[in-house]
Amino acid sequence: MIDLLQMWALVEALGLVCLPLTITVCHNLPDRGWAFSKALGVALLTFCIWLPLMYGRTLLPFSQLFIAVVVLLILACNLLAMRRMHQLIIKVIRFNKFYVITSELVFLGMVFLLGWLRTFNPNIQSYEMFMDEGFIAAIMRSPHFPPNDMWLAGYSINYYYYAHLAVAILAKLLGQSPSIAFNTGISMYFGLTAVNLFGVTSNIVAWARHLRAHKKVRPPMPLEPADQVHPPLLGSIPYGLLTMITGLILGNLAATQQWWQNHGEVVTRQFDWYSPSRVLNNTINEFPAFSFLLSCFHAHVLTLAFTILAIGLAFNLFLEPEGVGLSVFGHGWRLWFTLVMTAIVLGGLFTMNGWDFPTYMALTLVCIGIQHWLAYQKQFRLALLGNICLVSIVLVWLALFLFIPFYVNFNSPSQGFGLVAAQDRSPLGGEFLIYGLFMFIFISLLITSAWRMPLFVQKLSNTSSQVTLLVIFVTLLPVDILMILLVPNSITLVVMGTIAIIAVVLLFYHIEDRSHAFTLLLGGLAFGLVAACEIFFLRDVFADQYPRMNTVFKFYFQAWALLSIASGSGLFFLLEHLWSLKASSPNLRTLLRRGKALWAIILLTLFLAGTVYPIYAPSARLAQVNPQTARSSLISGSSLDGLTYVKYCRPLQFSCTVNITGDYDAIRWLNTHIQDDPVIIEAVGQDYSLYGRISAFTGLPTLMGWQGHEYQWRANQLDQASFDQRLKDVNTIYRSLDSRQVLATMAHYHAQYLYVGALEKAQYPNVNLSRFASFMNIVYNAEGVTIYTPRTH
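The rules we used
Residues numbered from 1 in each chain as written. Predicted model: local features only at pLDDT ≥ 70, side-chain atom pairs only at ≥ 80, totals over all residues. Heavy atoms only, no water. Disulfide = S-S within 2.5 Å. Buried < 20%, exposed > 50% of the residue type's maximum accessible area, 1.4 Å probe, protein only. Helix = DSSP H or I, 4+ residues; strand = E, 2+ residues; numbered from the N terminus. Pairing = 2+ DSSP bridges. Axes fitted to C-alpha atoms, helices over the stretch in contact; angles between N-to-C directions. Polar contact = N/O pair within 3.5 Å; in protein donor to acceptor, adjacent residues only side chain to side chain. Contact = heavy atoms within 4.5 Å. Patch = residues over 30% accessible without salt bridge, like charges linked within 9 Å, V, L, I, M, F, W, Y side chains within 5 Å. Areas by Shrake-Rupley, 256 points an atom, 1.4 Å probe, with all protein chains shown as cover. Salt bridge = Lys/Arg side-chain N within 4 Å of Asp/Glu carboxyl O. Phe/Tyr/Trp six-rings, centres within 6.5 Å; stacked < 30°, edge-to-face > 60°. Lys NZ or Arg CZ within 6 Å of the ring centre and 35° of its normal. Expected span 1.5 Å × (residues − 1). Core = buried A, V, L, I, M, F, W, Y, C linked by side-chain atoms within 4.5 Å. Left-handed = near helix turned anticlockwise from the far one by under 90°. Nonpolar A, V, L, I, M, F, W, Y, C, P; charged D, E, K, R; others polar.

**Regarding the state of the cysteines**
Counting across every chain of the model gives one disulfide. In this model C649 forms its disulfide with C656; the gap between the sulfur atoms is 1.7 Å. Judged by the sign of its S-S torsion, about -100°, the cystine formed by C649 and C656 is left-handed. Taken individually, C649 and C656 each receive the classification buried, so the pair is uniform in this respect. With no disulfide of its own, C77 lies closest to C48 among cysteine sulfurs, the gap being 8.6 Å. Given a relative accessible area of 53%, C77 falls into the exposed group.

This is the structure we're talking about:
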């Protein structure tokens, strides 16, 4: 666990170093961005490493020394700023000691929680772990950028690798191997996601509490700008913790349903921890608790912490009281730091996971638009439109411009948009199994938001607004009924779309209470994404068989995060309203009391139902089966090295079909003795198998890895014939009896090493693989593994 401690300490130190920048950028937030300092520091370091390497190409080396130099430059700049801002930093800490301590404990606790769980089964094995490990290893091994593709020699990675790069940078600086960085990295991201979720909701609720405290001041005083006050955060901590739990720990109701169906059986059945992520036919509905338990090192999981950071930055701009045009980012030097860091975070989302960029850029621009409208006293003017356009163009342009080197080297596999067929739409029951808890909380919030009077609005002056609300809601009902009757299988579309529309309407009803409005905006956006998935899908290589699979997959994952924040902060407004409800007669008081109790019971029941997954899934996922007794048990170790299991990987052990124990020392030897990134040849097999293990664990590019995955990434770049030719050439190298043909084929791909291990022998059982010794040099030979290199003349 010392490796995990090092990773935590490095990110913690980076966050502390970047506090001056964080407080400058997040100047409107009650905590001044304290909870986001770590993610912001990681984002800054990654960008400052990546950009020079992409422009420098072969001039700048991706080395531990280069990373250290950049870290020292960041440290120096922030120390200079610390001299000017230390009083403000001390004030933030002094006013909110308990919040600061809680934030640090959340990050520390969640990093080590997942790290501890990973000690039970740290193996990088099965699912798509070879792919993710390969990305980390390839990035760490690449001497220059863009990083090489470990499974397609001669090409750079054509994937959203930027979040993998962040882990690779930290691991390279610490001297951790890729197989350790896989587990320390996913644990670090778990902690970052947790503290960011905690921070967003805490800031939303803290500002809401500040507005309510200000309203009670007599005589009424003008509301001070957000960057000049320090609202107390203590009362918002429970809501922040609740958001973290619902967003990262709880599972969906499909897991609860499974448990309920099986709990009465005499013979205990193994809990199916995987099936709750496959509720809707032919789609994927992963949620964070599932993804982190799986230790899915995929783009959509790694970018989650940064999407939540983007939400926090959007709220920071939303709280700007009077700034219009570029002044929404602040004034003087603060303007440029805020603008650039916001652009780096938003622009980086595409390089981490392209699906996230449109959502969170749109959220930010909507916040800027509404903020401008409020700054113009809700009056539509030409200057208002001009300033909104100016800010939007500058922010979008800068977010794209900063990451031009990525776009130049990236070929999107997208094949356009399609319309969802009626038979492919989701049943409403399935949506409830996925989002049941969130739906209950958010619909309750919509009801109370429509019922209660807006903050800062007098009852008499709000009559017209209430009439407008009533007209809108009454109009929606017949439209919804007509949609259901005319559009086949559209109940989910109608319900989710209606929730989104009502949320937007109520957003403007409560616009003076920016925390309340922002909460409604997040929930409306989430349900809008779900509704959109009932209409459109993004075409990819799976479009013919599973048209909506990836669209639902990626946008439902976003919706979960958005709804966890909307529900956590929404509970503050719900409870506030419920506590304020009074009844005049004893009968009404009794009815009201019972209604509140019933609502609380339903909420508690749904919350407890969500705990089924974190209670039962970890043991089902992480338990290891004893081949002698056929019983599974949790066995904790002290190592987070995901390669160690290879030392014992034989039939009946670790689900291995072939004895590849000899690969362990060979991989260690390659990682120790082979510098830079020469090409190595290894056998090609099926995706999701043990094949591709050498390139995955070493980062050395091989001729052909998992062919199906390469086709997914390069559908618009290479045709199937290109992959087939490489497969044919690999077979030629291993099968051909003509040494000149073997050497010529290797030379064509600049291959310097040829690997012969257990899988190669299994793939070519009737071929004399020891013949390579007659015309190649042996550089490694132990435990059934031989590595050859062509002789030099």
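**A closer look at unusual backbone geometry**
For the peptide bond that leads from F145 to P146, omega is 0°, which places it in the cis range. Within the element layout of this structure, P146 appears in the loop between helix 6 (129-141) and helix 7 (162-174). In this model, S126 sits at a positive phi of 70°, which is unusual for a non-glycine residue. One non-glycine residue, Q377, adopts positive backbone phi at about 60°. Among the secondary structure elements, Q377 is positioned in the loop between helix 15 (356-375) and helix 16 (382-401).

**Focus on the sheet that holds strand 7 (residues 776-782)**
Taken together, the four strands give an open sheet; going across it, the order is 5-6-8-7, and neighbouring strands pair in mixed fashion. The open sheet has two free edges, formed respectively by strand 5 (679-681) and strand 7, since each of these has just one partner strand. When strand polarity is set aside, the average angle formed by the axes of neighbouring strands in this sheet is 25°. Bridge count for strand 7 against strand 8 (residues 785-790) is six bridges, and the pairing is antiparallel.

**Some points on the side chain of E128**
Inspection of the secondary structure puts E128 in the loop between helix 5 (97-120) and helix 6. Side-chain polar atoms of E128 contact the side chain of H709, separated by 2.4 Å. For E128, the residues in contact, after removing those within four places along its chain, are H298, Y688, W706 and H709.

**Brief notes about a nonpolar patch on the surface**
A cluster of nonpolar residues, Y55, I393, W397, F401, I404 and V408, forms a patch on the protein surface that exposes about 660 Å² of accessible area. Secondary-structure elements contributing two or more residues to the nonpolar patch are helix 16 and helix 17 (404-409). The element best represented in the nonpolar patch is helix 16, accounting for three residues. Tracing the backbone through its elements, the reader meets I393 in helix 16.

**A closer look at the packing of aromatic side chains**
Counted under the stated rule, the structure contains 60 aromatic pairs. Taken together, a centroid distance of 5.0 Å and an interplanar angle of 80° make the contact between W116 and F120 edge-to-face. Here W116 pairs with F120, and both are found in helix 5, just four residues apart, close to one helical turn. The ring of F62 has K172 sitting right over it, with the charged end atom 5.0 Å from the ring centre.

**Overview of the environment of K172**
By the element assignment, K172 lies in helix 7. A C-alpha to C-alpha distance of 43 Å links K172 and G430, two positions 258 residues apart in sequence. Every residue in contact with K172, bar those within four places of it in the chain, is listed here: F62, S63, Q64, I67 and M140.

**What to know about the pattern of salt bridges**
Taken as a whole and assessed by the stated rule, the structure comprises 15 salt bridges. Of the charged contacts in the structure, one is a salt bridge between K38 and E104, with a shortest N-O distance of 3.0 Å. Here K38 is found in helix 3 (residues 37-56), whereas its partner E104 is found in helix 5, with 66 residues between them in sequence. Owing to a relative accessible area of 1%, K38 belongs among the buried residues under this scheme. A salt bridge links R668 to D641; the shortest N-O distance between them is 2.3 Å. Taken together, the positions of R668 in helix 25 (residues 662-673) and D641 in the loop between strand 4 (632-633) and helix 25 put the pair 27 residues apart, joining distant regions of the chain. Taking the relative accessible area as the measure of exposure, R668 reaches 24% and is therefore partly exposed.

**Here's the deal with the environment of N158**
Relative to the elements of secondary structure, N158 occurs in the loop between helix 6 and helix 7. In this structure, N158 is in contact with N409, F410, N411, W713, R714 and Q717, ignoring residues within four places of it in sequence.

**A look at helix 6**
End to end, helix 6 covers 18 Å across 13 residues, agreeing with the expected 18 Å (1.5 Å per residue, within 8%). In terms of residue burial, helix 6 counts as a mostly covered element, since 13 of its 13 residues are buried.

**Overview of the pairing of strand 6 (residues 751-756)**
Across the six residues of strand 6, five count as buried, placing the element largely inside the fold. Judged from the three bridges that link them, strand 5 and strand 6 form a sheet pairing that is parallel. Pairing of I680 across the sheet is with Y753, part of strand 6. The pairing of strand 6 with strand 8 spans three bridges and is classified as antiparallel. In the sheet register, L754 faces strand 8, and the bridge partner there is Y788.

**Here we look at helix 10 (residues 253-262)**
An α-helical turn contains 3.6 residues, so a residue and the one three or four places further along point in the same direction. Turning to helix 10, its buried residues number three or more, namely L253, A254, A255, T256 and Q258. The inward-facing, buried residues of helix 10 abut helix 18 (428-451), helix 23 (586-610) and helix 24 (612-622). Between the side-chain oxygen of the N-cap and the backbone nitrogen of A254 there are 3.1 Å, and the N-cap of helix 10 in question is N252.

**What to know about the nonpolar core**
Membership of the largest hydrophobic core comes to 266 residues, with the highest contact counts inside it found for W50, Y189, Y435, F518, Y613 and F772. With 18 residues, helix 8 (residues 178-215) is the single largest residue contributor to this core. Once you skip the residues sitting within four places of it in the chain, Y189 turns out to touch A163, A166, V167, F292, L302, A305 and F306.

**A short note on the packing of helix 15 against helix 21 (residues 514-532)**
Helix-helix packing is characterised by the crossing angle of the two axes and by the distance between the axes. Running from N to C, helix 15 and helix 21 cross one another at 145°; their axes reach a closest spacing of 12 Å. Crossing hand, helix 15 versus helix 21: right-handed. On the side of helix 15, the interface is formed by T359, L363, V366, C367, Q371 and L374, while helix 21 contributes R514, F518, L521, L522, L525 and L529. Split by residue class, the contact of helix 15 with helix 21 holds nine nonpolar, two polar and one charged.

**Some points on the environment of S449**
With respect to the helices, strands and loops of the structure, S449 is situated in helix 18. Using a relative accessible area of 0% as the deciding quantity, one classes S449 as buried. A C-alpha to C-alpha distance of 9.1 Å links S449 and A503, two positions 54 residues apart in sequence. For S449, the residues in contact, after removing those within four places along its chain, are L506, Y509, H510, H516 and L520. Within the structure, S449 has its side chain in polar contact with the backbone oxygen of L445 (distance 2.6 Å).

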